[in-house]
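# Descriptive structure summary
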Amino acid sequence: MVDTGLKFSSVDAGGSQGSQQKLEMADGMLDANRIIFIGEEDLSERTKLGFWLEASYASDSGAMKTSGSLFDRGSYIFLNNQDYGQLAAGRIGLMRSGGTPLTFDITGRRVSPFGTGWGDLASPMYSMPFYGFPVSNMLQYDSPMIHGVQAHVQYSFQIDTSTGTEGKSSADRYGAFALTYDGGDLNLVGMVDWMNEATGTANPDPHDSWTFMLGGNYDFGVAKLYATATYFKDANNVWWLPGFDDTNYNLFNGCDQINGYSVTLGTKIPAWGGAINLSAMYLDADYDDEVTAETAAQIGTDLKRYTFVAGYEYPLSKQTTLYGAAGFFKDKVNYVSAGNTYDDPFVTQVIIGIHHNF
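Summarised in this report is the structure supplied together with it.

Conventions and cut-offs
Residues numbered from 1 in each chain as written. Predicted model: local features only at pLDDT ≥ 70, side-chain atom pairs only at ≥ 80, totals over all residues. Heavy atoms only, no water. Helix = DSSP H or I, 4+ residues; strand = E, 2+ residues; numbered from the N terminus. Rg over C-alpha atoms; globule rule 2.2 N^0.38 Å. Buried < 20%, exposed > 50% of the residue type's maximum accessible area, 1.4 Å probe, protein only. Contact = heavy atoms within 4.5 Å. Areas by Shrake-Rupley, 256 points an atom, 1.4 Å probe, with all protein chains shown as cover. Polar contact = N/O pair within 3.5 Å; in protein donor to acceptor, adjacent residues only side chain to side chain. Expected span 1.5 Å × (residues − 1). Salt bridge = Lys/Arg side-chain N within 4 Å of Asp/Glu carboxyl O. Phe/Tyr/Trp six-rings, centres within 6.5 Å; stacked < 30°, edge-to-face > 60°. Core = buried A, V, L, I, M, F, W, Y, C linked by side-chain atoms within 4.5 Å. Pairing = 2+ DSSP bridges. Patch = residues over 30% accessible without salt bridge, like charges linked within 9 Å, V, L, I, M, F, W, Y side chains within 5 Å.

## Topic: the overall build of the protein chain
A tally of regular secondary structure across the protein chain gives two helices and 19 strands. Since a compact globule built from 358 residues should have a radius of gyration of about 21 Å, the 21 Å found for the protein chain is in line with a globular shape. Taking the principal axes of its C-alpha atoms as reference, the protein chain extends roughly 65 × 55 × 40 Å. Put simply, the protein chain has 358 residues, and 48% of those count as buried. Taking as baseline every contact in the protein chain between residues at least 6 positions apart, the subset at least 24 positions apart corresponds to 58%. Accessible surface, the protein chain: about 16700 Å² in total, of which carbon and sulfur atoms supply 58%.

As structure tokens, then:
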């Protein structure tokens, strides 16, 4: 896949810094640039063995996206049997993220008209605590489908190979379970996942994070409607808005008991040979950590986030798509970090580009 375009961003912290605008060439917005190697072998009439190796790169510079990792978006082997389901092992997308094909069909395509693409505009990292897209040392089992219902299970022995020891308490470990339903025009998903946080000198008594998600879509013909509700408890991060960074916009920095919920609504409407995509999201989060008044003034105490996105995609052919979108992000929060004041910051983005699949 090759995807390149232009992105305009306007970032306003709402405080002393004022607003900043930037126009830049950007890549991988409708869908991430990638090179994929796929192979399969039929072991029997109903059983096959296969592999998936997926590397991401920047089409505007030619650089690899992840330093020191070739197949950063996915590298796994799988065994598929039509009677017993499929077992995969390796570097696989988190179930909540919808990253890589193994999880895009579980959550990504079901809960948003934008899937997991369109750059920052539709990324799930802004609507719930974020642990990354693909992670290492993952097992995933997908059951056979029975009357439209399918079960999915994931477990990672160590999501970040640079921290801790695989399979031990010094490493962050991840587990997830989901049920999906496909019934013609109706597609549903229910998911729960759990982050078993590492125990160490700096964090001797961590609070493990839990997330619960219900979502789906229904195709009315003239439009497909999407809806999702997510609840999270004892998380340790809420992602900063696009255009900011975690150095200064350190919202809830150091907290380990962040609780909240988010809801999203969206629709995909066929129009003029292409499709109009619309989405709105609301997130509400706070924390139970005991902090001093001084610390609270530096990291914030309560967050309400709103996002609105509108996009249009037009297929020039089966392989090439033109696209454009605009999005608005706003956080209702007030605090001062590293001398910078954040008073209801907001971000506006506009993107246009072309995407091609070989």
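Now that the structure has been shown, the text picks up again.
## So, the environment of Asp 31
Tracing the sequence through the fold places Asp 31 in the loop between β2 (19-27) and β3 (34-42). If we ignore the near neighbours within four places in the chain, the residues touching Asp 31 are Met 1, Asp 3 and His 355. Among the polar contacts listed, one links the side chain of Asp 31 to the side chain of Arg 34, at a separation of 2.8 Å.

## Digging into helix α1 (residues 100-111)
With twelve residues, α1 extends 15 Å from end C-alpha to end C-alpha; this agrees with the ideal 16 Å at 1.5 Å per step. All of the buried residues along α1 are Thr 100, Leu 102, Thr 103, Ile 106, Thr 107, Gly 108, Arg 110 and Val 111.

## Quick notes on the pattern of salt bridges
Under the defined criterion, the tally for this structure stands at 18 salt bridges. A salt bridge links Arg 34 to Asp 31; its shortest N-O distance comes to 2.8 Å. Arg 34 gets classed as buried once you look at its relative accessible area, which sits at 9%. Asp 31 gets classed as partly exposed once you look at its relative accessible area, which sits at 27%. Bridged by salt links that share partners, the residues Lys 7, Lys 22, Glu 24 and Asp 120 form one connected network.

## Points about the environment of Ile 352
Note on placement: Ile 352 falls in strand β19 (residues 346-356). Its relative accessible area of 47% is what places Ile 352 among the partly exposed residues. Taking the C-alpha atoms as reference points, Ile 352 and Leu 30, 322 residues apart in sequence, are found 9.1 Å from one another. Filtering out sequence-adjacent residues up to four positions away, Ile 352 remains in contact with Gly 5, Leu 6, Met 29, Tyr 323 and Gly 324.

## Focus on the packing of aromatic side chains
According to the stated counting rule, one finds 20 aromatic pairs in the structure shown. Look at Phe 244 and Tyr 249: their rings are 4.9 Å apart centre to centre, the planes differ by 50°, and that puts the pair in the tilted class. This pair shows no difference in class: Phe 244 is buried, exactly as Tyr 249 is. Taken together, the aromatic side chains of Phe 244, Tyr 249, Tyr 335 and Tyr 342 make up a single cluster linked through ring pairs.

## Quick look at the nonpolar core
Inside soluble globular proteins, nonpolar side chains tend to come together where they are buried. Trp 118, Tyr 174, Phe 244, Tyr 249, Phe 252 and Ile 258 are the most contacted members of the largest nonpolar core, which has 61 residues in total. Element by element, the count of residues in this core is highest for strand β14 (residues 274-287), at four residues. If we ignore the near neighbours within four places in the chain, the residues touching Tyr 174 are Leu 94, Met 95, Arg 96, Met 138, Gln 154, Tyr 155, Ser 156, Ile 159, Asp 193, Trp 194 and Met 195.

## Points about the pairing of β19
In β19, alternate side chains face the same way, and those of Val 347, Gln 349, Ile 351, Gly 353 and His 355 are buried while those of Phe 346, Thr 348, Val 350, Ile 352, Ile 354 and His 356 on the opposite face are not. Pairing analysis gives eleven bridges linking strand β1 (residues 2-12) to β19, with the strands arranged antiparallel. Paired with Phe 8 across the strands is Val 350, a residue of β19. Note: strand β16 (residues 320-332) against β19, eleven bridges, orientation antiparallel. Bridged to Gly 324 within β19 is Ile 352.

## Quick look at the side chain of Ser 97
Considering the arrangement of structural elements, one finds Ser 97 in the loop between β6 (85-93) and α1. Residues within four places of Ser 97 in sequence aside, it is in contact with Thr 107, Thr 116, Pro 124, Gly 132 and Phe 133.

## What to know about the side chain of Asn 80
On the secondary structure map, Asn 80 appears in strand β5 (residues 74-81). A polar atom in the side chain of Asn 80 sits 2.9 Å from the side chain of Gln 86.

## As for a nonpolar patch on the surface
On the surface, a nonpolar cluster with roughly 630 Å² of combined accessible area is contributed by Leu 87, Leu 139, Tyr 141, Val 149, Val 153, Phe 157, Phe 177 and Leu 179. For the nonpolar patch, the secondary structure elements donating two or more residues are β7 (134-142), β8 (149-156) and β9 (173-183). Turning to its location among the elements, Phe 157 is positioned in the loop between β8 and β9. With a relative accessible area of 32%, Phe 157 lands in the partly exposed category.

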